[in-house]
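In case you want the letters, here they are:
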Amino acid sequence: MLVVDFGAQYAQLIARRVREANVYSEIVPHDISATRVRRRSPAGLILSGGPESVHASGAPRLDPEILSLGIPVLGICYGAQLLAHELGGKVDRSGLAEYGRVELHVTGPGTVVSADLPADQQVWMSHRDAVVRPPEGAAVTAVTADSPAAAFEHPADRLFGVQFHPEVAHTPHGQRMLQNFLYEACGCAPAWTADCIVETSVAAIRKQVGTGRAVCGLSGGVDSAVAAALVRDAIGDRLTCIFVDTGLMRAGEAAQVREVFDGQGLVFVDASETFLAALAGVSDPETKRRIIGELFVRVFEREAKALGEVDYLVQGTLYPDVIESGGDVAARIKSHHNVGGLPADMRLELTEPLRDLFKDEVRLVGEQLGLPSEVVWRHPFPGPGLAVRIVGEITPERVETVRAADAIVRAEIHRAGLDREVWQVLAVLLEVRSVGVMGDERTYGHPIVIRAVTSADAMTADFARLPYDVLETMASRIVAEVPGVNRVVYDITSKPPGTIEWE
């Protein structure tokens, strides 16, 4: 399934919902040509929403030939309006804009808004324009008070449009509607499972690597661990895993990696002094990422050379990493260590078996491969490590400060039994100072920011509503146990507008 992105806030969410229905999906830009679509041979297309009006000058359009390919198409919000507009329907201001929860009334039997769904139900709207007349030959299947064609279908041409957002949780029957489109209109089978992902990935790795040898940058986290397990299944002992201690790892992390992966040919490299020396005096976050990315590759090339002839570098790059690092679909949010921090003259060829997967899919694959639960469910940790959790200059002392605070935060989350409820929790050390009083004396120390979020794939996230007693314990322990810290604050920013990490 191809999800055509018209600048929607929820394009990635649509792709995830399709995969939750066990159908593989990819996001493509709105200017994709009919030739490229034909070459991809998708079972169907989903046109995402977007912020524009179809009447606006320069509004994104779809190659009109795509609608002549005979491929089932579902338009969502702007996608539905564009579908109607291009096929001779009418899109206009219907009176009042609709935002948030709206009552939908099913007016007739259909494929997407099917007859076995409730006749009256809530859906999530976010639009000003609306389809006021569907294309000729299309039937209206649902309406709202201000959308006379909230859902329409042209069964003969297999064209479907919904003004609301079925992909969001606030549309309770939305997943069922998407499944109706996938299974009934497109004839898809729910075959995108963990078994299928493993089988497909192993075959792709064997095709790419052939008889070559590979090294994997193992961090102990789920991404690199699953990537390594897949490559090992594909090429056996021609894979060597290398763990590089950058000096920017969390407390106890290096020891845990050695314990979990002991006996699997792990090469352990202590390069902490090299990394910290290279980062001395550096404050810009993008520069930090580039330095760390290049050093990683140089260390791997050196270790690979010592192993003999090695051709491939395995990395646990995920689909959200690729999207956020920019490309045809999205603007660059930040360069990820696995995507944007690699040197142009890198000798090793990349093998990225998870590049098309979301985090929840990676966890399913990890369980399928039998990896330990403490690895599969470990909270995400960025490739640059604590370097991007220190705002400003990196020094060994500042690294120890944030590492100690992070250990306290994670320990209290675990003690409260919140590990699975929270997607990611971290501590950030700020460059500013604040006045405090400790032991009846004035202090001038640094603040620590606690950041905890809930999410499904890190594309969007909400701040976790941690219990006050847990936050209080964290703050008390950090101020008492971490030298140089006299204030603790809690970050309640969602994503968007903020990213999960501070840098």
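Here, the structure is the one placed above.
Residues numbered from 1 in each chain as written. Predicted model: local features only at pLDDT ≥ 70, side-chain atom pairs only at ≥ 80, totals over all residues. Heavy atoms only, no water.

(A) Looking closely at the overall build of the protein chain. Helix and strand counts for the protein chain come out as 14 helices and 19 strands. Relative to a compact globule of 503 residues, whose C-alpha radius of gyration would be 23 Å, the protein chain shows 25 Å and is just as compact. In the protein chain, which comprises 503 residues, the share counted as buried stands at 55%. Here the contacts in the protein chain between residues at least 6 apart in sequence split such that 74% fall between residues at least 24 apart. For the protein chain, the distance from the average position of its 48 positive side-chain charges to the average position of its 67 negative side-chain charges is 2 Å. (Helix = DSSP H or I, 4+ residues; strand = E, 2+ residues; numbered from the N terminus. Rg over C-alpha atoms; globule rule 2.2 N^0.38 Å. Buried < 20%, exposed > 50% of the residue type's maximum accessible area, 1.4 Å probe, protein only. Contact = heavy atoms within 4.5 Å. Lys, Arg positive; Asp, Glu negative; His and termini not counted. Charge placed at Lys NZ, Arg CZ, Asp CG, Glu CD.)

(B) Representation of the side chain of Lys288 within the structure. Relative to the elements of secondary structure, Lys288 occurs in helix H9 (residues 285-307). Once you skip the residues sitting within four places of it in the chain, Lys288 turns out to touch Leu279, Val282, Ser283, Ala387, Ile390, Gly392, Ile394 and Glu503.

(C) Quick peek at the sheet that holds strand E13 (residues 312-314). Pairing within the open sheet is parallel, and its five strands lie in the order E12-E11-E10-E13-E14. Bordering the open sheet on either side are strand E12 (267-270) and strand E14 (349-351), each of which pairs with just one other strand. Here the average twist between neighbouring strands, direction ignored, is 30°. Here strand E11 (residues 239-245) runs beside E12; their pairing, made up of four bridges, is parallel. For Phe243, the partnering residue across the bridge sits in E12 and is Phe268. Of the strands in this sheet, strand E10 (214-217), E11, E12 and E13 are in contact with H9, which crosses E11 at around 135°. (Pairing = 2+ DSSP bridges. Axes fitted to C-alpha atoms, helices over the stretch in contact; angles between N-to-C directions.)

(D) Fine view of the packing of aromatic side chains. Under the criterion given, the structure shown has six aromatic pairs. Both rings, one in Phe6 and one in Tyr78, keep their centres 5.5 Å apart while their planes meet at 50°; by these two values the pair is tilted. Here Phe6, found in the loop between strand E1 (2-5) and helix H1 (11-20), pairs with Tyr78, found in helix H3 (residues 78-86); they are 72 residues apart in sequence, far enough to count as distant. Between Phe275 and Phe296, the ring centres sit 5.6 Å apart and the planes meet at 65°, which makes this aromatic pair edge-to-face. With Phe275 in helix H8 (residues 272-279) and Phe296 in helix H9, this residue pair connects regions lying 21 residues apart in the sequence. Judged by relative accessible area, Phe296 falls into the buried class, the value being 14%. Here Arg258 stacks its cationic end above the ring of Phe268, 3.6 Å away from the centre of that ring. The ring of Trp423 carries the charged tip of Arg363 above its face, separated from the ring centre by 5.5 Å. (Phe/Tyr/Trp six-rings, centres within 6.5 Å; stacked < 30°, edge-to-face > 60°. Lys NZ or Arg CZ within 6 Å of the ring centre and 35° of its normal.)

Limitation: the analysis is restricted to geometry and does not speak to function.
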